[in-house]
Amino acid sequence: MAFNIGSIWPQVIFHLSYVSATILGNYAREGTTVLATYKPSYVEPGSVIWSNLTSCIVMGMLQELNAAKWFAPDDLKSLFTVLTTGFCGAYSSYSTLML
């Protein structure tokens, strides 16, 4: 039984892109939280309400694109997973449960 690097390469690319999208989503959430913190604000400082709002909008747009078969080719299905679960999952408050 020989080890074939060609069969594992798509999984490696998927996991690297998933981790990269998760890191970018975390940085985007932290940046949005800092940008939304100002003195006469109605929202409590440190709240993730703005990142939740924008994450839901992006997730909704991606779901509509998925329903329109925009992610239909097999090579784009992993991109859909990376963007929704990776980026939007880290950008929303779901990832703050881990902190």
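Look up: the structure comes first, before these words.
Rules used in this analysis
Residues numbered from 1 in each chain as written. Predicted model: local features only at pLDDT ≥ 70, side-chain atom pairs only at ≥ 80, totals over all residues. Heavy atoms only, no water. Salt bridge = Lys/Arg side-chain N within 4 Å of Asp/Glu carboxyl O. Helix = DSSP H or I, 4+ residues; strand = E, 2+ residues; numbered from the N terminus. Patch = residues over 30% accessible without salt bridge, like charges linked within 9 Å, V, L, I, M, F, W, Y side chains within 5 Å. Areas by Shrake-Rupley, 256 points an atom, 1.4 Å probe, with all protein chains shown as cover. Buried < 20%, exposed > 50% of the residue type's maximum accessible area, 1.4 Å probe, protein only.

## Regarding the pattern of salt bridges
Thinking step 1. As enumerated under the stated definition, the model contains 1 salt bridge in all.
Thinking step 2. Arginine 29 is the partner of glutamate 30 in a salt bridge, and the nearest nitrogen-oxygen pair spans 3.1 Å.

## Here we look at unusual backbone geometry
The phi angle of most residues is negative, glycine excepted, and most peptide bonds adopt the trans form.
Thinking step 1. One non-glycine residue with positive phi stands out, namely lysine 69, at about 65°.
Thinking step 2. Summarising the element assignment, lysine 69 is placed in the loop between α2 (49-67) and α3 (74-91).

## A short note on a nonpolar patch on the surface
Thinking step 1. A grouping of Ile49, Trp50, Leu53, Ile57 and Met61 is seen on the molecular surface, where their side chains present a nonpolar patch of about 490 Å² in accessible area.
Thinking step 2. Tracing the backbone shows isoleucine 49 in helix α2.
Thinking step 3. The partly exposed category is assigned to isoleucine 49, whose relative accessible area is 45%.

Honestly, it's all geometry; don't read function into it.
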